[in-house]
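Understanding the architecture of this molecule
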Amino acid sequence: MGHLIPVLELGKRLVTHHDIAVTIFVVATDAATTKSLLKSCPTANFSIVPLPAVDVSHHVDPSDHIVTKLLVMMRHSIPSLRSAISAMADPPTALIVDIFGTSTFPVADELGMLKYAFDTTTAWFLATTVYGSSAEDEVARHVNSRTPLVVPGCKPVRFEDTLDAYEAMGDRVFDEFQRVGVELATADGILVNTWEEMEGKTLEALRNRKALKDVVRAPVYPVGPLVRPSPPLKTNEPNDVVEWLDGQPDRSVIYVSFGSGGTLPRAQLAELAWGLELSGQRFVWVVRPPPVEDGDVSEESGSQGPHRYLPEGFLSRTHDRGLVVPMWAPQAEILAHPAVGGFLSHCGWNSTLESLTNGVPMVVWPLYAEQKLNAALLAEELQVAVRPGYNNGGVVKREEIEEMVRRVMVAKEEEGKAMRERVMELKESGERALSRKLKGSSYSALAQVARELELNHQRVVAKARGA
């Protein structure tokens, strides 16, 4: 879902702003999921087609990294994708894939389509991925010596912030990830879910022949911020979280969530609870049960609710200023609510953009994938977030959590005030970038892609008539 959400938003924008007909192929989904996705999509010139699920159990080990499993699954879906495209009445003129789908580029070549990659995260991630695939010796030195990886024209990547795949050098996921970097460089264009004012320096490096242009040969199009639109706060559907927020002062609540895939060990959950309590701030906390640990007699440690794994008395002591929500909450609505003034997050890029586009500063707590890069960008370069200190994967203590929450939430202090000003500037720049009226940078970049699609469509039609 983390990749599918921005893909859907990209498709919607191509239809509504640039009059491009879009078909989205989704691998290994079910009919119910497809139906729910269509609810928020345009009714004309837009369709979602599920491809059959593929069994890759004989091609991966259960212990393989999730990225390895996804890439293998996508490769084994190529025949289904080729058949589905070939069966379309109106032959498409371009194939746009996320980074897990770059192995499908030969299908585009075979069928005379332009081929684009869509990086659903940052330009810094793109630069690191493509450069790393062409400089394996430097990646090895980065990993073995734990020294920064110097990506030309970009902020160096500290080993502490490096990608999961690089930390696993020698494992299958590293080889799979390197292949993605090589395949990205063969695209006709690369779309990125960022914007000029967000990552101008890195985008310039990707265009500069002295920096990365010889590695990233394709033009790069920043088309973000592409995020789920926030539904109206006042709807006919009751929601306990939104109703609770309605009773809180503006910008007084910190929202805490580690995403759909983020879990914390029991000891870390306890420290986080204490940190929130000690901070004295109002909060909404979406809690997921910790992983099952040795000696846990229950089949699922969260089977009896949050009181089972949170400190004794925490829920009763904080009931007047905190709301603990098991498993899931409507994040887009929460971050758009005027009562929310901070977001403690794993800083997945969708969550990050939802926070920034609502002008909400962050406490960033990366867990996996490229999230450490995201955290470094937000806390150090953009200065719209704070993050825990490096502790080699140890438990972040309650005192540090208390301090981080207060740094973001107490606007009277100089740092909190400056952070809020910067995040509002970033919010406004994102709105300008997407503006059709202002012909903003991201709108214009996607318009250029649309022109390329139209030109290729004309070539395809002319070729068909000639045949």
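This text follows the structure it describes.
A quick note: this is a predicted structure, and the numbers were derived from the prediction, not measured.

Digging into the overall build of the chain
The secondary structure content of the chain amounts to 20 helices and 12 strands. Here the C-alpha atoms of the chain give a radius of gyration of 23 Å, agreeing with the 23 Å that 2.2 N^0.38 yields for 467 residues. By its C-alpha atoms, the chain is 75 × 55 × 45 Å across when sized along the principal axes. Expressed as a percentage of the 467 residues in the chain, the buried residues total 53%. Counting only contacts in the chain whose residues sit at least 6 apart along the sequence, the fraction spanning at least 24 positions is 69%. Split by element, the accessible area of the chain, about 21100 Å² in all, is 52% carbon and sulfur. When the 48 positive and 60 negative side-chain charges of the chain are each reduced to one mean point, those points stand 5 Å apart.

Some thoughts on the packing of aromatic side chains
Evaluated as defined, the whole model comprises seven aromatic pairs. An angle of 80° between the planes, with centres 6.0 Å apart, marks the rings of Tyr166 and Phe177 as edge-to-face. Placement of Tyr166 in helix 8 (residues 164-167) and of Phe177 in helix 9 (residues 172-184) is noted, with a sequence separation of 11 residues between them. Seen in terms of ring centroids, Trp285 and Phe314 are 6.0 Å apart; in terms of plane orientation they differ by 85°. Their pairing is edge-to-face. Of this pair, Trp285 sits in strand 8 (residues 282-287) while Phe314 sits in helix 14 (residues 314-317), placing them 29 residues apart in sequence. Per residue, the accessibility class of Trp285 equals that of Phe314, and both read buried.

Focus on unusual backbone geometry
What you tend to see is this: most non-glycine residues have negative phi, and most peptide bonds are trans. In this structure, the amide linkage connecting Gly224 to the following residue, Pro225, adopts the cis form with an omega of 5°. Tracing the chain through its elements places Pro225 in the loop between strand 6 (220-222) and helix 12 (240-246). Of note in this structure, Asp19 is not a glycine but carries a positive phi near 55°. Counting through the fold element by element, Asp19 comes out in the loop between helix 1 (4-18) and strand 1 (22-27).

Things to note about the environment of Ser316
By the element assignment, Ser316 lies in helix 14. Separated by 2.9 Å, the side chain of Ser316 and the backbone oxygen of Gly313 make a polar contact.

Section: the pairing of strand 8
Within strand 8, five of the six residues are buried, which leaves it mostly tucked inside the rest of the structure. Here strand 7 (residues 253-257) pairs with strand 8 via four bridges, running parallel. Each residue of the ladder has a partner; that of Val253, found in strand 8, is Arg282. Where the polypeptide runs from strand 7 across helix 13 (residues 266-279) and back to strand 8, its parallel neighbour, the crossover connection is right-handed.

Things to note about empty space enclosed by the protein
Scanning all chains against the criterion turns up three cavities of 30 Å³ or more. Its boundaries defined by the atoms lining it, the largest cavity holds a volume of some 80 Å³. Lining the largest cavity, in full, are Ser257, Phe258, Gly259, Gly262, Thr263, Leu264, Leu269, Trp285, Val286, Val287 and Arg288. Considering every element that reaches the lining of the largest cavity, the biggest residue donor is strand 8, with three residues. Partitioned by chemical class, the residues of the lining of the largest cavity number six nonpolar, four polar and one charged. Considered as a void within the structure, the second largest cavity measures approximately 40 Å³ in volume.

Topic: the sheet that holds strand 7
Read from one edge to the other, the open sheet built from six strands follows the order 9-8-7-10-11-12, with strand pairing classed as parallel. Both outer strands of the open sheet, strand 9 (322-326) and strand 12 (385-386), are each paired with one neighbouring strand and no more. As paired elements, strand 7 and strand 10 (residues 340-345) share five bridges and run parallel to each other. Looking at the pairing, Ser257 lines up with Ser345 of strand 10. Here helix 18 (residues 398-409) sits on the sheet in contact with strand 7, strand 10, strand 11 (362-364) and strand 12, set at roughly 145° to strand 10.

Looking at the side chain of Glu277
Note on placement: Glu277 falls in helix 13. Overall, the relative accessible area of 16% leaves Glu277 in the buried class. Setting aside its immediate chain neighbours within four residues, Glu277 contacts Phe314, Arg317, Thr318 and Arg321.

Quick word on the pattern of salt bridges
In total, this model carries 18 salt bridges according to the counting rule given. Among the ionic pairs, Glu9 bridges to Lys12, the shortest N-O distance being 2.9 Å. Taken as a pair, Glu9 and Lys12 lie in helix 1 at a separation of three residues, close to a single helical turn. Note on accessibility: Glu9 and Lys12 belong to one class, buried.

Cut-offs and rules
- Residues numbered from 1 in each chain as written.
- Predicted model: local features only at pLDDT ≥ 70, side-chain atom pairs only at ≥ 80, totals over all residues.
- Heavy atoms only, no water.
- Helix = DSSP H or I, 4+ residues; strand = E, 2+ residues; numbered from the N terminus.
- Rg over C-alpha atoms; globule rule 2.2 N^0.38 Å.
- Buried < 20%, exposed > 50% of the residue type's maximum accessible area, 1.4 Å probe, protein only.
- Contact = heavy atoms within 4.5 Å.
- Areas by Shrake-Rupley, 256 points an atom, 1.4 Å probe, with all protein chains shown as cover.
- Lys, Arg positive; Asp, Glu negative; His and termini not counted.
- Charge placed at Lys NZ, Arg CZ, Asp CG, Glu CD.
- Phe/Tyr/Trp six-rings, centres within 6.5 Å; stacked < 30°, edge-to-face > 60°.
- Polar contact = N/O pair within 3.5 Å; in protein donor to acceptor, adjacent residues only side chain to side chain.
- Pairing = 2+ DSSP bridges.
- Right-handed = clockwise from strand over helix to strand, strands pointing away.
- 1 Å grid on protein atoms, 1.4 Å probe; cavity = no way out; pocket = protein on both sides within 12 Å on 5 of 7 lines; lining within 4 Å.
- Points joined across faces, edges and corners; volume = space filled by probe spheres on them.
- Nonpolar A, V, L, I, M, F, W, Y, C, P; charged D, E, K, R; others polar.
- Axes fitted to C-alpha atoms, helices over the stretch in contact; angles between N-to-C directions.
- Salt bridge = Lys/Arg side-chain N within 4 Å of Asp/Glu carboxyl O.

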